[in-house]
Amino acid sequence: MTEEQGVPDPASERLRRWRLVLGEGRADGTGHALSGRDAAMDGALTALYGKGDRPQPDRDRTAGLGASAPSVARWLGDIRTYFPSSVVQVMQRDAIDRLGLASLLLEPEMLEAVEADVHLVGTLLSLNQAMPETTKETARAVVRKAVEDLEKRLAPRTRAALTGALDRSARVSRPRHQDIDWNRTVAANLKHYLPEHRTVVPERLIGYGRASRSVRKEVVLCVDQSGSMASSVVYASVFGAVLASMRSVDTRLVVFDTAVADLTDRLDDPVDVLFGTRLGGGTDINRALAYCQSRITRPAETVVVLISDLYEGGIRDEMLKRVAAMQASGVRFVTLLALSDEGAPAYDREHAAALASLGAPAFACTPELFPEVMAAAIERRPLPIPDAE
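Summarised in this report is the structure supplied together with it. (Residues numbered from 1 in each chain as written. Predicted model: local features only at pLDDT ≥ 70, side-chain atom pairs only at ≥ 80, totals over all residues. Heavy atoms only, no water.)

## Section: the overall build of the protein
When its secondary structure is counted, the protein shows 14 helices and eight strands. Put simply, the protein has 389 residues, and 46% of those count as buried. By sequence separation, contacts in the protein at least 24 residues apart represent 73% of the contacts at least 6 residues apart. (Helix = DSSP H or I, 4+ residues; strand = E, 2+ residues; numbered from the N terminus. Buried < 20%, exposed > 50% of the residue type's maximum accessible area, 1.4 Å probe, protein only. Contact = heavy atoms within 4.5 Å.)

## Looking at the pattern of salt bridges
Tallying each qualifying case throughout the model produces 12 salt bridges. Each of Arg-316, Asp-317 and Glu-350 takes part in a single network of salt bridges with overlapping partners. (Salt bridge = Lys/Arg side-chain N within 4 Å of Asp/Glu carboxyl O.)

## Topic: the nonpolar core
Membership of the largest hydrophobic core comes to 78 residues, with the highest contact counts inside it found for Trp-75 and Leu-105. Sort the elements by how many residues they give to this core and helix H7 (residues 133–169) lands first, with 10 residues. Counting residues in each nonpolar core, the second largest holds 23 residues, with Phe-256, Cys-292, Val-304 and Leu-355 among its members. (Core = buried A, V, L, I, M, F, W, Y, C linked by side-chain atoms within 4.5 Å.)

## Some words on the layout of surface pockets
Approximately 270 Å³ is the volume found for the second largest pocket. Surrounding the second largest pocket, 16 residues form its lining, Arg-93, His-119, Gly-122, Thr-123 and Ala-230 being those nearest its centre. Of all elements in the fold, only helix H4 (85–99), helix H6 (118–126) and helix H9 (230–244) reach the threshold of two or more residues within the lining of the second largest pocket. (1 Å grid on protein atoms, 1.4 Å probe; cavity = no way out; pocket = protein on both sides within 12 Å on 5 of 7 lines; lining within 4 Å. Points joined across faces, edges and corners; volume = space filled by probe spheres on them.)

## Focus: the packing of helix H12 (residues 316–328) against helix H13 (residues 349–357)
With their axes 10 Å apart at the nearest point, H12 and H13 run at an angle of 30° to one another. By the angle between their axes, H12 is roughly parallel relative to H13. Handedness of the H12/H13 crossing: right-handed. When H12 is examined against H13, the residues Arg-316, Met-319, Leu-320 and Val-323 are found in contact with a partner set consisting of Glu-350, His-351, Ala-354 and Leu-355. (Axes fitted to C-alpha atoms, helices over the stretch in contact; angles between N-to-C directions. Parallel < 35°, antiparallel > 145°, perpendicular 65-115°, else oblique. Left-handed = near helix turned anticlockwise from the far one by under 90°.)

## Examining a nonpolar patch on the surface
A cluster of nonpolar side chains, Trp-182, Val-186 and Leu-190, forms an exposed patch at the surface whose accessible area comes to about 290 Å². Counting through the fold element by element, Trp-182 comes out in helix H8 (residues 182–188). (Patch = residues over 30% accessible without salt bridge, like charges linked within 9 Å, V, L, I, M, F, W, Y side chains within 5 Å. Areas by Shrake-Rupley, 256 points an atom, 1.4 Å probe, with all protein chains shown as cover.)

## Remarks on the side chain of His-351
Tracing the chain through its elements places His-351 in helix H13. When its relative accessible area of 6% is taken as the criterion, His-351 is described as buried. Within the structure, His-351 has its side chain in polar contact with the backbone oxygen of Leu-310 (distance 2.7 Å). At a separation of 3.3 Å, a polar atom in the side chain of His-351 contacts the side chain of Arg-316. Each residue touching His-351, except ones within four places of it in the same chain, is listed here: Leu-310, Glu-312, Arg-316 and Met-319. (Polar contact = N/O pair within 3.5 Å; in protein donor to acceptor, adjacent residues only side chain to side chain.)

Put into structure tokens, the structure is as follows:
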């Protein structure tokens, strides 16, 4: 197609793209003028990235975000018009980090304009204690939208993976007729095939246990709520709610800093869980694990998942002894350095190595991998640990 047919020539499109990348002023050596939608996109980008790290209130709104919620809310509306959701989320995060706009999230007008995502939820939770009452309902609505989006994405795969793991771990050799796993029974008895009758004689039956009728596994999520773990807290709350909805899993959610809070009774609503956390503060992993250990009633049927960067402020040797004791009693212990999609986290390598020496390797886990990790833990097979970068 030609430019007359509505498609610009490659050279012009290349100059346009370079102009948007370079911005205005001396950096713009393309000689390409922007107009219409492109000019508006350039103004939104310049407001955030073009004038240094601080807003410049003496310029118009295309040259800086200013220091008021209305101007930021307008800018948020602009970027949602011109950019896809994934880019909007990155730009929001950069605006909060580069321009110190976290305090403006305490204003309802600002909150109503933002694109809800896991990083914004983490920021809101860190501001929870300072949030005025007039803003809290709006903040809860923003958090709820983000949580509902996460649940829609993560819940089906999680339930499927864990249901399969529970069924496999529940297989029995003398099942009732309605509980027979025919696929595995036939495979296990192929050597008893009778050609003359064209049938398999099932000398050994393999069946499913009655997993759906009673609680069979216990899962304890022990989550570090220090400031660096914000995204992990959000994802853990969502996964905790999904696990709690499964009748065959008894789920406990414990969050900690230097104190320990058991939020299990809120698991029917992950938004309540999140607003029950308190991001920031120190870390006492040993104290948190002591609490979790005291609540374990069936060690051989229990999986404990510690989600922490392992920067321990408590008693290190006691923490390691506690992990070893739980494992010796039959608990399957899993350590996740992060539960997020933010890449390789910072963590205490000495503590991670000490846990690995106990047979509890610590690794970062994405939300997409978490269902597979939990399924492997329930079946007591090797964990799908990602390759180290």
